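Notes for the structure review
Residue strings, one per chain:
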Amino acid sequence: QTALVPSVEGLVARPIPTVGARLDMLDLVRVNLSARASQLALEWRWGDLMALGSTVTSSVNVVVVKVALANSGPLTYGSVRFLLGGVVLCVIARWREGPMPRPRVRDIWLILITAGIGEAISQALFTTTLTFANVDYVAMVQATSPLLIVAWLVWRGREHFGPRVWIGLSLGLTGAALALTAGGGGRTTWLDVLLPLGLPVTSVVYVLMLPVLLRRYRAIWLTAILTTVGGLMLAPFGMLEAIGHHPHVTAAWLGLLSFSVFGSVALGFLLYTIAVRILGPARVAAYSYLQPFLSAIAAALLISEPILPLQILGGVLMLVGVIGGRPRPHKVADAAGEVNPGPAPQPVGATPAAEAHPCP
C-alpha cells in the first residue's frame, strides 16, 4: 500500500510507504525476531540436555566397565564394545541419513587422527586405568578436560571467555577434587599417575577435532565412522590380549557389555557429537565436571559404594560451577558433506514479501 506524492521538483511522483505498509514491515520484523528467539531457546534446551545425557551415560559406564573388567582384559573389552557400537551407529546412520558418504582424501588423515587418539588410545587408557584405579579417580581425571579445552581455545584466539566462565570452571574443578579426596582416589605409583594423565589429553583432541569434521559430514555418520575406525585400530591389540586372557562370558557380563555398546558408545557418543554441533566444544566440555559426582552415585546404586558427605559437597560445587561457568553456545556450521542438499523448498503459500525479507 503506497500513496503518490509530488517530488521536490513537482514533475514526477514517487511512492512512499503508508502507515499500513509500515505496520506490515514491523509485524514481519516481530515474526522474524520471535522465530529466532524460539530457535535459540530450542537449541539451548536440546543441546544442553544432550550434553547432560552424554555425561550421565559416560558416568554410569565408568562403573559398568569397572565391573565388567573382572571377566575380561581391558583392551579386549574396549575393542569389542567399540566395534559393536560402530555397527549399531552405522545402522542408525543408514536409516536416518541415507547412504554412507565417501570420505574425501584430504579428510582421511583427520579421521584417522581423531579416531586413533580420541577413540582407540583414549579407550585403551580408560580401560587399562580402571584395572588398577578407583572409579572416582578415573572420573576425576576425565573431568579436568574442560579447563584444558577452554585454555586451548583462548591460546589459539578462537574464543574469549569472561571471568564468570573461569570462576565457574575453577569452582567445578574444586568440587571434583573434593569428590576425589572423599573417595580415596587410586594408587600412587608412577604408572598410576602418568597413565591416567593421557585421558583428558585424548578427550581434548577428540572434542576439538569434531567441529572441523562436522562442517563436512553429518553427525550420525561421522560418529559411526570415527567409532568404527577406532574399534578397528584397537581390535588387533584386543585379539592378542584375548589369546592370553580369555574373556569369561556370563549373562551378567553380556548385560554390562550391552549397556557399554548401546548406552555408552551408540547413544552417548551420538548425543555428544550432536551437542558439540549445537553448543560448541567449550560449553559441552563443561558438563564433564559432573562426571565424578554422577559416577559416585552410579557406584552407590550398582555396586553399593557409600556416598560420603564430602562427595555431596563436591557435587554441589560442581553443579554450581557447571551452571555458572558454561560458556555461551557456539554453534558449529552445518555439515558440507550432505548428499545434494539443494535449495530449501518454499513453504506453501509463500508471499513475495516473505521472499523479500528473509529471516536473518
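Conventions and cut-offs
- Residues numbered from 1 in each chain as written.
- Predicted model: local features only at pLDDT ≥ 70, side-chain atom pairs only at ≥ 80, totals over all residues.
- Heavy atoms only, no water.
- 1 Å grid on protein atoms, 1.4 Å probe; cavity = no way out; pocket = protein on both sides within 12 Å on 5 of 7 lines; lining within 4 Å.
- Points joined across faces, edges and corners; volume = space filled by probe spheres on them.
- Helix = DSSP H or I, 4+ residues; strand = E, 2+ residues; numbered from the N terminus.
- Nonpolar A, V, L, I, M, F, W, Y, C, P; charged D, E, K, R; others polar.
- Salt bridge = Lys/Arg side-chain N within 4 Å of Asp/Glu carboxyl O.
- Buried < 20%, exposed > 50% of the residue type's maximum accessible area, 1.4 Å probe, protein only.
- Axes fitted to C-alpha atoms, helices over the stretch in contact; angles between N-to-C directions.
- Parallel < 35°, antiparallel > 145°, perpendicular 65-115°, else oblique.
- Left-handed = near helix turned anticlockwise from the far one by under 90°.
- Contact = heavy atoms within 4.5 Å.
- Core = buried A, V, L, I, M, F, W, Y, C linked by side-chain atoms within 4.5 Å.
- Patch = residues over 30% accessible without salt bridge, like charges linked within 9 Å, V, L, I, M, F, W, Y side chains within 5 Å.
- Areas by Shrake-Rupley, 256 points an atom, 1.4 Å probe, with all protein chains shown as cover.

**Some details on empty space enclosed by the protein**
It is a probe the size of a water molecule, rolled over the atoms, that shows where empty space is left. For the structure on display, the rule yields two cavities of 30 Å³ or more. Ser58, Gln142, Ser203, Phe269 and Tyr272 are the residues nearest the centre of the largest cavity, which is lined by 29 residues in total. Those elements giving two or more residues to the lining of the largest cavity turn out to be α1 (19–68), α2 (74–97), α3 (105–130), α5 (145–155), α7 (190–214), α9 (251–279) and α10 (281–286). Top contributing element to the lining of the largest cavity by residue count: α1, with seven residues. Of the residues in the lining of the largest cavity, the class split is eleven nonpolar, 16 polar and two charged.

**Here's the deal with the pattern of salt bridges**
This structure, assessed with the given rule, holds two salt bridges. Salt-bridge contacts for Asp48 lead to Arg283; the nearest nitrogen and oxygen are separated by 3.1 Å. Of this pair, Asp48 sits in helix α1 while Arg283 is found in helix α10, placing the two residues 235 residues apart along the sequence. With its nearest N and O atoms 2.3 Å apart, the salt bridge here joins Asp107 to Arg216. With Asp107 in helix α3 and Arg216 in the loop between α7 and α8 (219–244), the pair connects residues that are 109 residues apart, well separated along the chain. Looking at Asp107, the relative accessible area reads 0%, which means it is buried.

**Details of the packing of α8 against α9**
At a minimum axis separation of 9 Å, α8 and α9 run at an interaxial angle of 125 degrees. As far as their axial angle goes, α9 and α8 are oblique. Considering how the two elements wind past one another, α8 and α9 form a crossing that is right-handed. Across the interface between the two elements, Ala219, Ile220, Thr223 and Thr227 from α8 touch Val265, Phe269, Leu270, Thr273 and Ile274 from α9. Its residues assigned to classes, the contact of α8 with α9 comprises six nonpolar, three polar and no charged.

**Observations regarding the packing of α2 against α8**
Relative placement of two packed helices is described by the angle separating their axes and the distance separating the axes. At a minimum axis distance of 7 Å, the contact between α2 and α8 shows a crossing angle of 155 degrees. If you check the angle between α2 and α8, you find them roughly antiparallel. When you trace α2 past α8, the crossing you get is left-handed. Counted by class, the contact of α2 with α8 contains 17 nonpolar, ten polar and four charged residues.

**Some details on the nonpolar core**
Counting 74 residues, the largest nonpolar core has Tyr77 and Leu226 as the members making the most contacts within it. The biggest single contributor to this core is α9, with 14 residues. Excluding residues within four positions of it along the chain, Tyr77 makes contact with Val64, Val65, Ala68, Leu69, Ser72, Trp253, Leu256, Leu257 and Ser260.

**Some words on the environment of Ala124**
Mapped onto the fold, Ala124 is located in helix α3. What makes Ala124 buried here is its relative accessible area of 19%. For the pair formed by Ala124 and Gly78, sequence separation is 46 residues and the distance between their alpha carbons is 6.9 Å. With residues up to four places along the chain from it excluded, the contact list for Ala124 reads Leu75 and Leu234.

**Details of the side chain of Ser122**
Position of Ser122 among the secondary structure elements: in helix α3. Setting aside its immediate chain neighbours within four residues, Ser122 contacts Ile117, Leu199 and Thr202.

**Observations concerning a nonpolar patch on the surface**
A cluster of nonpolar side chains, contributed by Trp46, Leu49, Leu52 and Val56, occupies part of the molecular surface with about 350 Å² of accessible area. Its location among the elements puts Trp46 in helix α1.

That is the geometry; function is a separate question.
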